[in-house]
Amino acid sequence: RTRSIGTPLRVSPDDDNDTENKTPPPPRNASSSSSTKEKEGTLSSYLTIQNRLLLNGDLLTLLLIALLLGFTDAVTDPSFYPNGGFNQPVPAVPNTLGVLFERLSVMDVAWVLSAIKNKGYSWSATVDVESTWKCGLTIWLDYCSLRILFGILLAVLGAGGKESVDGLDLLRQCWFSLGMVGWRIIYGRYFRERL
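Note that this is a predicted model, so its numbers are computed, not measured. (Residues numbered from 1 in each chain as written. Predicted model: local features only at pLDDT ≥ 70, side-chain atom pairs only at ≥ 80, totals over all residues. Heavy atoms only, no water.)

A. Summary view of the overall build of the protein. If you tally the helices and strands in the protein, you get seven helices and zero strands. What you see in the protein, going N to C, is helices and strands ordered as α-α-α-α-α-α-α. Taking all 195 residues of the protein together, 30% fall into the buried category. Here the contacts in the protein between residues at least 6 apart in sequence split such that 71% fall between residues at least 24 apart. Here the protein has roughly 13,300 Å² of accessible surface; of this, 63% comes from carbon and sulfur atoms. (Helix = DSSP H or I, 4+ residues; strand = E, 2+ residues; numbered from the N terminus. Buried < 20%, exposed > 50% of the residue type's maximum accessible area, 1.4 Å probe, protein only. Contact = heavy atoms within 4.5 Å. Areas by Shrake-Rupley, 256 points an atom, 1.4 Å probe, with all protein chains shown as cover.)

Have a look at this one:
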């Protein structure tokens, strides 16, 4: 087929119409500024997790932090050394397993909520070291606030048999979880480039 004056007409296999006069579609990520502003404040924009590897790494790092807190609890217990110290037998189901699950679940919920609020699972959260630091510290500060609020709420409701807030445990959880910022920096430097 030819067009006027003998120039060949390009026809794509999925379109029978004349394609020379059509404008190409916009790129996938391009959108108008008005639609971007409309989407920024919606709930779905906050609940979108673009970087699932970072979420999985956060959860794994929180598990390691909760285990480290449990280890610290065991070692600082006054009956640890009289019972044999590091040579004492470890039962198949340790008696601190319930504390681990409770601590880990509250830490996970507080961290993930804080990260979602601060868009910590978007690709822009770990673009460079500066944005990783800023995002990580903001998430950590909000995490500490949420963790303290959850501790007070659990004490008020009497959940888990608690009638008061264990301030030292909350302080240790907030202090140990500062390692999450380190994990995010390691991720931003080494793992993000390999994706």
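Additional details are given in the paragraphs that follow.
B. Focus on the environment of Thr-132. Looking at the element boundaries, Thr-132 is found in helix 5 (residues 129-157). Under the relative-accessibility criterion, Thr-132 is labelled buried at 3%. Each C-alpha atom, one on Thr-132 and one on Ile-185, is 6.0 Å from the other, the two residues being 53 residues apart in sequence.

C. Seen up close, helix 3 (residues 52-76). Its 25 residues give helix 3 an end-to-end C-alpha distance of 36 Å, which sits within 8% of 36 Å, the value for a rise of 1.5 Å per residue. By the burial criterion, the buried members of helix 3 are Leu-54, Leu-55, Gly-57, Asp-58, Thr-61, Leu-62, Ile-65, Ala-66 and Leu-69. Packed against the buried residues of helix 3 are helix 4 (97-117), helix 6 (167-176) and helix 7 (179-191). (Expected span 1.5 Å × (residues − 1).)

D. Looking closely at the packing of aromatic side chains. Evaluation of the coordinates by the stated rule reveals five aromatic pairs. Ring-pair connections join several aromatic residues into one group, and the members of that group are Phe-71, Phe-80, Tyr-81 and Phe-86. (Phe/Tyr/Trp six-rings, centres within 6.5 Å; stacked < 30°, edge-to-face > 60°.)

E. Just the side chain of Ser-122, in detail. Here Ser-122 is to be found in the loop between helix 4 and helix 5. Reaching out from Ser-122, the side chain makes a polar contact with the backbone oxygen of Lys-119 at a distance of 3.0 Å. (Polar contact = N/O pair within 3.5 Å; in protein donor to acceptor, adjacent residues only side chain to side chain.)

F. Structural detail: unusual backbone geometry. In this structure, Lys-119 is a non-glycine residue whose phi angle is positive, near 55°. With respect to the helices and strands, Lys-119 occurs in the loop between helix 4 and helix 5. For Lys-119, a relative accessible area of 33% corresponds to the partly exposed category.

G. Quick peek at the nonpolar core. Core analysis: the largest hydrophobic core is formed by 28 residues, its most contacted members being Leu-62, Met-107, Trp-111, Tyr-121, Trp-140, Tyr-143 and Met-180. Those elements that provide at least two residues to this core are helix 3, helix 4, helix 5 and helix 7. The element that contributes the greatest number of residues to this core is helix 4, accounting for eight residues. Sequence-distant contacts of Trp-111, defined by excluding residues within four places in its chain, comprise Asp-58, Leu-62, Tyr-121, Gly-136, Ile-139, Trp-140, Tyr-143, Ser-177, Met-180 and Arg-184. (Core = buried A, V, L, I, M, F, W, Y, C linked by side-chain atoms within 4.5 Å.)

H. Examining the packing of helix 3 against helix 6 more closely. Contact geometry of helix 3 with helix 6 gives a least axis separation of 10 Å together with a crossing angle of 135°. It follows from the interaxial angle that helix 3 and helix 6 lie oblique. The crossing of helix 3 and helix 6 is right-handed. Across from Ile-65, Leu-68, Leu-69, Thr-72 and Asp-73 in helix 3, the residues of helix 6 making contact are Arg-172, Gln-173 and Phe-176. (Axes fitted to C-alpha atoms, helices over the stretch in contact; angles between N-to-C directions. Parallel < 35°, antiparallel > 145°, perpendicular 65-115°, else oblique. Left-handed = near helix turned anticlockwise from the far one by under 90°.)

I. Fine view of the packing of helix 5 against helix 6. One can describe the packing of helix 5 onto helix 6 by two numbers: an axis separation of 10 Å at closest approach and a directional angle of 160°. Relative to helix 6, the element helix 5 lies roughly antiparallel. By crossing handedness, the relation of helix 5 to helix 6 is classed as right-handed. Across the interface between the two elements, Trp-140, Tyr-143, Cys-144, Arg-147 and Ile-148 from helix 5 touch Leu-170, Gln-173 and Cys-174 from helix 6. Taken together, the residues that form the contact of helix 5 with helix 6 break down as six nonpolar, one polar and one charged. (Nonpolar A, V, L, I, M, F, W, Y, C, P; charged D, E, K, R; others polar.)

J. Region of interest: the pattern of salt bridges. The final tally for this structure, using the stated rule, is seven salt bridges. The closest approach of N and O atoms between Lys-134 and Glu-130, which form a salt bridge, is 3.0 Å. Linking Lys-134 with Glu-130, this pair stays in helix 5, spanning four residues, or about one helical turn. The partner of Arg-172 in a salt bridge is Asp-169, and the shortest N-O contact between them spans 3.4 Å. Placement of both Arg-172 and Asp-169 in helix 6 is noted, with a separation of three residues, approximately one turn of the helix. Neither residue differs from the other here; Arg-172 and Asp-169 are each classed as buried. (Salt bridge = Lys/Arg side-chain N within 4 Å of Asp/Glu carboxyl O.)

Keep in mind these numbers describe shape, not what the thing actually does.
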